[in-house]
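One letter stands for each residue in the lines below.
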Amino acid sequence: MRISEASRVSGVSARSLRYYEDEGLIVPGRCGNGYRDYCGSTIDRVRVIRSLLESGLPVRLIKDVLPHLTAEPDPDAGVVCVGFMQEVQRYRDRLAARIASLSDQQAALDAYLREARRADR
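Residues numbered from 1 in each chain as written. Predicted model: local features only at pLDDT ≥ 70, side-chain atom pairs only at ≥ 80, totals over all residues. Heavy atoms only, no water.

## Focus on the packing of helix α1 (residues 3–10) against helix α3 (residues 40–54)
- Where α1 contacts α3, the axes come no closer than 10 Å and their chain directions differ by 50°. Taken as axis vectors, α1 and α3 run oblique relative to one another. The hand of the α1/α3 crossing is right-handed. Residues A6, V9 and S10 of α1 touch α3, and the partners they reach there are I43, V46 and R47.
- Each residue belonging to the contact of α1 with α3 can be placed in one class, and the counts come to four nonpolar, one polar and one charged. (Axes fitted to C-alpha atoms, helices over the stretch in contact; angles between N-to-C directions. Helix = DSSP H or I, 4+ residues; strand = E, 2+ residues; numbered from the N terminus. Parallel < 35°, antiparallel > 145°, perpendicular 65-115°, else oblique. Left-handed = near helix turned anticlockwise from the far one by under 90°. Contact = heavy atoms within 4.5 Å. Nonpolar A, V, L, I, M, F, W, Y, C, P; charged D, E, K, R; others polar.)

## So, the side chain of E87
- With respect to the helices, strands and loops of the structure, E87 is situated in helix α5 (residues 77–120).
- Separated by 2.8 Å, the side chains of E87 and R90 make a polar contact.
- Filtering out sequence-adjacent residues up to four positions away, E87 remains in contact with R60, L61 and R94. (Polar contact = N/O pair within 3.5 Å; in protein donor to acceptor, adjacent residues only side chain to side chain.)

## So, α1
- Residues of α1 that are buried include every one of I3, A6, S7 and S10, and no others. All buried residues of α1 project into a common sector of 100° when viewed along the axis, lining one side. In α1, the exposed positions that point more than 90 degrees away from the buried face belong to S4 and R8.
- In this structure, the buried side of α1 is in contact with α2 (14–22), β2 (36–37) and α3.
- Phi turns positive one or two residues past the end of α1, at G11, with a value near 80°. (Buried < 20%, exposed > 50% of the residue type's maximum accessible area, 1.4 Å probe, protein only. Arc of directions from axis to C-beta.)

## Here we look at the pattern of salt bridges
- For the structure on display, the rule yields ten salt bridges.
- A salt bridge links E21 to R36; the nearest nitrogen and oxygen atoms lie 2.5 Å apart. Taken together, the residues E21 in helix α2 and R36 in strand β2 connect sequence positions 15 residues apart.
- The residue E87 makes a salt bridge to R60 at a minimum N-O spacing of 3.1 Å. (Salt bridge = Lys/Arg side-chain N within 4 Å of Asp/Glu carboxyl O.)

## Comments concerning the nonpolar core
- Counting 19 residues, the largest nonpolar core has L17, Y20, L25, I26 and Y38 as its most contacted members.
- Only α1, α2, α3 and α4 (59–65) provide two or more residues apiece to this core.
- Leave out the neighbours within four places in its chain, and I26 touches L17, Y20, E21, Y38, T42, R45, V46 and I49. (Core = buried A, V, L, I, M, F, W, Y, C linked by side-chain atoms within 4.5 Å.)

Have a look at this one:
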């Protein structure tokens, strides 16, 4: 299927499909005229990519694990999964630290606003 249909079927914009291709996350086939040709397995992969991105994972992590998320047995999958899970945990920990910092900033702003409102009365 062409990019417009692949976009409709996958729920991902044509621009995102091109980006995934540029990043090496997908490799669509090509028709004789050079147009991209997306098969069902590529659409399935796009859905996995979208799901991982919506989980907040960066493309670099997705790129590392994506080759191992196949139906075929992978002898290195255990090693990759452990390394991937450790990387995801580190990413999550950094995210939690950023959230805590933002929460502290929000609390400080709330306190400032309370004091400023009291002073206005």
